[in-house]
Amino acid sequence: MAEVKKTAPDGTGGGGEAAGGAGGGRASGAESPAGGGKVSPPGPPGGGWTRFVTARPRVTLFVALVLTVLAVLAGGGVADRMGSGGWEDPAAESTYAAEELERHFPGSRPNLLLLVDSGTAGTDAPAVAAEARRLAGRLDAEPGVEGVGSYWSTGSPALRSEDGRKAVIAARITGDEKDAAAVLDRIAPAYRGAHGPVEVSLGGELAVRHEMQTLIEEDLLRAELIALPLTLVLLVMVFGSAVAALLPLGVGIVAILGTNAILRGLTEFTDVSVFAQNLTTALGLGLAIDYALFVVRRYREELAAGADTRTAVRTTLRTAGRTVLFSALTVAVSLAAMLVFPQYFLRSFAYAGIAVVLLAATAALTLLPAALVLLGHRVNALDLRRLFRRGREPGKDASGAGWARAAGPVMRRAPVFAVLTTAGLVLLGLPFLGVEFGTADDRQLPVTASSRIVQDELRDGFPGSPGGGITVLAEGPATPAQYEAYRERIEALDGVGRADGPVTTGGGDSARAYFTVVPDGESVGAGAQRAVGELRAAEAPFDISVTGPAAVLVDSKDAIGERLPWAAGIVALVTLLLVFLLTGSVLIPLQAVVLNALSLTAMFGAVVWVFQDGHLSGFLGFTPTGDIETTLPVLMFCVAFGLSMDYGVFLLSRIKEEYDATGDHEHSVRFGLSRTGGLITAAAVILAVVMVAIGTSRVTNTKMLGLGVALAVLMDAMVVRSLLVPSVMKLTGRLTWWAPGPLRRFHDRFGVSESDTYNPPRTPDVTEVSEERRETVSSSP
């Protein structure tokens, strides 16, 4: 049955925005019984929430403004309370040993190194030695500093450079990350620089982390200054209207500020990584834009179909609003999977991600509708694209028809496109088979960073590994002969270059000692990791615990490997359930999980090819280390998989709505692509811009996260949603929508639909069929 009033082929309904989005505008009207056109029914009955938003928009916006101001005040200085570590498993053997060593032997694990450069005089010159001892004594007297030792007090060759010009003063600043950073800020200016005949530079784990945190804060501010104006330009291009383009930015800013306040509160109870702020900015802007595109587009369609302002907002909330809420849940679940891991680095991203996703959805479903009620038709004001639409009727953007035309050849040659696209994605992911996992160190920083310069000097110019070896804690009574025999046993192990010690304290059952083991090669290389395993397996007359960078890495890999199946299972099972509730199909949820996973192959392959193997390292400005930080792939998977599901929900909800209305499978797939292809692509491009801005960071892990996720979302929007989804759905045909009787009844009772009411299957109207025929003819060879 034909409708007299139809929306434009691109789905804009004359609203003048890019194609793609929530629906075709049919919810705002119904066909007359005689088929002689469309009559406007009363507005849809709204629930209490919908009535409040539409009846009191000014109150809603005022309350939001007050809460945002409070969030700004509460979230101020949140970065200063965050940590820059979090890669350790708090329940691991290496963590226990590190805590015991800090308690009983603070000098065994120095986190601050003073590199003393004597120039041509040499470290043993009397004036140099006297000044170095003075500096060490002064450092030892500083509050919060313990375990000060130096080349001049111990004579250890490991603390003197091979050329004899530089040597090290080592110390440990006690306390947690925040307290230790405060002490470093206080004392660093007094020690850095020239002191008589020597020049002092600061390095060590604490200095590296502190400088990394400072760079991340600076880079995040720069990324926001890059991303915000570019995002606004892209939104104007997508919406046409400058007024409409400002709405997503408002939603994103509210989500970001609110999340910062939540993170500030969490720092009172748990550790939170400073890296999580990058995810807050990226998802806050990206998802706010996604949801706002979806909501505003549906609202403009309803206006174009003849609905009044309040009815259009109510219908939008009852249709597109449901999909937004559903999408937010899928993204939040993917990010929540990181809570199963013990490292606070990963858990921090779950805190930030869940908060910003839910706040973005809440703002999109409250503040945005309230603003739309007040704006009414003025949401289309300041249409800057009129300059480029001369000769074309407003609203007749051909992009929607273009997506439908593109779907034609893909579905006609579905086996070819399905096989070739899958093979291409698998090929792009092959480099990941050679992944090597490591730990973050000073080489995350640019080569000009002061602490990085010190660490490079220690790595290249000193024998052994000052501050970076393996430490073995021995607990229990032992004789000097037993200690010596154990030290000799350590030195005989493969991968061990030298063992020093023991350093002892206490007696009897409370006796403790530690040995410092210098591994062959890199301090966290494969040889050092094997040495950790052999040390833990070696017999000893006392209880031993092994720590150090290599031991932390081994324990971190074990913790992730043990919990990874649980995280993957949670993501898969909840995704299957949510997509089933959306579609009522058994096959579509399975397709969603598999195809989303395929969309990530290019990201993982590129991470290894670029960041591990070092291709493009000069162009991108980072130092390849031959490995990938252990937690990064987990983080990138959860973030990218959640964003892929976000786009997948938009597409599937639109296909499902059309299939419910027509019962025509192939038409519904084409129609869904024509209505969402432009929206998904625009959202992906804008999110990619935000992620690339974050990828300009000088810290390698942040660069990897930003550029990797940007690649993943672009591949998902432009390859998987455009080629793989339609070809696979064509191959599965009407079986796509099958579900056994019990599950079908479950979906009928608890399922989610974007439609206001259930519409019995109808035949596509004449306009739609004719349009599809024209697309088929125009796209034929």
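Now for a description of the structure that goes with this document. Note that the structure is predicted; figures quoted are calculated from it, not measured.

Describing the overall build of the protein
(1) Moving on: Looking only at helices and strands, the protein has 26 helices and 13 strands in total.
(2) Moving on: Taking the contacts inside the protein whose residues are at least 6 apart along the sequence as the reference set, 81% of them involve residues at least 24 apart.
(3) Moving on: Looking at the protein as shown, the accessible area adds up to about 30,100 Å², and 62% of this sits on carbon and sulfur atoms.

Considerations on the nonpolar core
(1) Moving on: Formed by 149 residues in total, the largest nonpolar core has its most connected members in Phe-275, Tyr-291, Val-357 and Leu-635.
(2) Moving on: Residues within four places of Phe-275 in sequence aside, it is in contact with Ser-84, Trp-87, Met-212, Ile-216, Phe-345, Phe-349, Val-699, Asn-701 and Thr-702.
(3) Moving on: Residues Leu-114, Val-128, Val-183 and Phe-462 belong to the second largest nonpolar core, which totals 35 residues.

A short note on the sheet that holds strand β11 (residues 512–519)
Strand pairing in a sheet relies on backbone hydrogen bonds, with the paired strands running either antiparallel or parallel.
(1) Moving on: The four strands lie next to each other as β10-β11-β9-β12, forming an open sheet whose pairing is antiparallel. Of all the strands in the sheet, just β10 (496–505) and β12 (543–547) have a single pairing partner and so form its edges. Taking the axes of each pair of neighbouring strands and ignoring which way they run, one obtains an average angle of 20° across the sheet.
(2) Moving on: As defined by bridge partners, β10 adjoins β11 across seven bridges and the pair is classed as antiparallel. Across the sheet, the residue bridging to Ala-499 is Val-517, located in β11.
(3) Moving on: Contacts from helix α16 (residues 480–491) reach β9 (470–475), β10, β11 and β12, with the element oriented near 160° to β10.

Some details on the environment of Pro-157
(1) Moving on: If you trace the backbone, Pro-157 turns up in the loop between α5 (151–154) and β5 (166–173).
(2) Moving on: Pro-157 sits 305 residues away from Phe-462 along the chain, and the two C-alpha atoms are 8.6 Å apart.

Observations concerning the pairing of β9
(1) Moving on: Burial analysis of β9 places six of its six residues in the buried class, the great majority of the element.
(2) Moving on: Side chains Ile-470, Val-472 and Ala-474 project from β9 onto one buried face, and the interleaved Thr-471, Leu-473 and Glu-475 project onto a second face that is buried too.
(3) Moving on: Summarising the sheet, β9 and β11 pair through six bridges and their orientation is antiparallel. Bridge assignment links Leu-473 to a residue of β11, and that residue is Tyr-514.

Looking at the side chain of Ser-348
(1) Moving on: Secondary-structure assignment places Ser-348 in helix α12 (residues 344–375).
(2) Moving on: The exposure class of Ser-348 is buried, given its relative accessible area of 0%.
(3) Moving on: If sequence neighbours within four positions are ignored, Ser-348 has contacts with Asp-271, Val-272, Ser-273 and Ala-276.

So, the sheet that holds strand β4 (residues 145–150)
(1) Moving on: Spatial ordering of the open sheet is given by β4-β5-β3-β7-β6, a layout of five strands whose pairing is antiparallel. The sheet is open, and its two borders are formed by β4 and β6 (193–195), each paired with just one other strand. Neighbour to neighbour, the strand axes of the sheet diverge by 25° on average, direction disregarded.
(2) Moving on: Both strand β3 (residues 112–117) and β5 contribute to a ladder of six bridges, which runs antiparallel. Pairing of Leu-114 across the sheet is with Ile-169, part of β5.

Calculation rules
Residues numbered from 1 in each chain as written. Predicted model: local features only at pLDDT ≥ 70, side-chain atom pairs only at ≥ 80, totals over all residues. Heavy atoms only, no water. Helix = DSSP H or I, 4+ residues; strand = E, 2+ residues; numbered from the N terminus. Contact = heavy atoms within 4.5 Å. Areas by Shrake-Rupley, 256 points an atom, 1.4 Å probe, with all protein chains shown as cover. Core = buried A, V, L, I, M, F, W, Y, C linked by side-chain atoms within 4.5 Å. Buried < 20%, exposed > 50% of the residue type's maximum accessible area, 1.4 Å probe, protein only. Pairing = 2+ DSSP bridges. Axes fitted to C-alpha atoms, helices over the stretch in contact; angles between N-to-C directions.

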